[in-house]
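Architecture at a glance
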Amino acid sequence: RAWEQALIDQSADILLAPTIAIPAPPADAVADPARAPEFADGLLRLTFPFDMTGWPASSVLCGFTTAGLPVGLQIIGPAGADAAVLRVGRAFQARTDWHNQRPSLV
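To start, this report covers the structure provided alongside it.

**Considerations on the overall build of the protein chain**
The secondary structure content of the protein chain amounts to five helices and three strands. In sequence order, the protein chain lays out its α and β elements as α-β-α-α-α-β-β-α. The dimensions of the protein chain, computed from C-alpha atoms along their principal axes, are 45 × 35 × 20 Å. Put simply, the protein chain has 106 residues, and 26% of those count as buried. The centroid of the 7 positive side-chain charges in the protein chain is displaced by 7 Å from the centroid of its 10 negative side-chain charges.

**Quick notes on the sheet that holds strand E2 (residues 57-64)**
Each strand in a sheet pairs with its neighbour through backbone hydrogen bonds, running either in the same direction (parallel) or in the opposite one (antiparallel). The strand order across the open sheet formed by three strands is E1-E3-E2, and the pairing between neighbours is antiparallel. Bordering the open sheet on either side are strand E1 (15-18) and E2, each of which pairs with just one other strand. Shown here is a sheet whose adjacent strand axes are inclined to one another by a mean of 30°, direction ignored. Relative to strand E3 (residues 70-76), E1 runs antiparallel, the two sharing four bridges. Considered in E3, the bridge of Leu 16 is made with Ile 75. Each of E2 and E3 is contacted by helix H5 (residues 82-95), which is oriented at about 15° to E2, the strand it contacts most.

**Examining the pattern of salt bridges**
Tallying each qualifying case throughout the model produces two salt bridges. A salt bridge links Arg 35 to Glu 38, with the nearest nitrogen and oxygen atoms 3.3 Å apart. The exposed category is assigned to Glu 38, whose relative accessible area is 53%. For Arg 45, the salt bridge identified is with Asp 41, shortest N-O distance 2.6 Å. Residue classification places Asp 41 among the partly exposed positions, given a relative accessible area of 49%.

**Here's the deal with the nonpolar core**
Residues Ala 6, Leu 7, Ala 12, Leu 15, Ala 17, Phe 50, Trp 55 and Ile 76 constitute the largest nonpolar core, which totals eight residues. Of all the secondary structure elements, the ones that give two or more residues to this core are helix H1 (2-8) and E1.

**Topic: the pairing of E3**
In this structure, E2 lies alongside E3, joined through seven bridges in antiparallel fashion. Opposite Leu 61, over in E3, you have Gly 72 as the bridge partner. Turn length for the E2-E3 hairpin, with the two strands adjacent in sequence and antiparallel, is five residues, and the turn residue Gly 68 shows positive phi of about 85°.

Criteria and cut-off values
Residues numbered from 1 in each chain as written. Predicted model: local features only at pLDDT ≥ 70, side-chain atom pairs only at ≥ 80, totals over all residues. Heavy atoms only, no water. Helix = DSSP H or I, 4+ residues; strand = E, 2+ residues; numbered from the N terminus. Buried < 20%, exposed > 50% of the residue type's maximum accessible area, 1.4 Å probe, protein only. Lys, Arg positive; Asp, Glu negative; His and termini not counted. Charge placed at Lys NZ, Arg CZ, Asp CG, Glu CD. Pairing = 2+ DSSP bridges. Axes fitted to C-alpha atoms, helices over the stretch in contact; angles between N-to-C directions. Contact = heavy atoms within 4.5 Å. Salt bridge = Lys/Arg side-chain N within 4 Å of Asp/Glu carboxyl O. Core = buried A, V, L, I, M, F, W, Y, C linked by side-chain atoms within 4.5 Å.

Structure representation (C-alpha cells):
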C-alpha cells in the first residue's frame, strides 16, 4: 500500500526495490517441483504486486552477492509510465557496468 500511495500521490515518479527477496537459488533447485515451493515466496513477493496491478516494472542487474550470484534492481512506475521505467533502466545501465558482467560459475 505504501508503494501505491507514493505513486498515486505522485510523491515519487519511480520506485526502486530489489527484484527478489532472496539470493538467486540454483536453477536446478527451482526447476525441481519438489523444491520449487521453498523458493516461491522469496522469488515472487516483490514482483507479484506489479503483476497484479499491471504497473510497469523492469529489472536490471545491479550487483552480485559474495557468492557470485546476481542481484536485481526492480524499477517500478505507475500505470502508463512504461517509457519512464525503461528510461530509468537505460540510464542506470549507461552509468554502471553490471550488465556487462557475468555471475561466477561456481
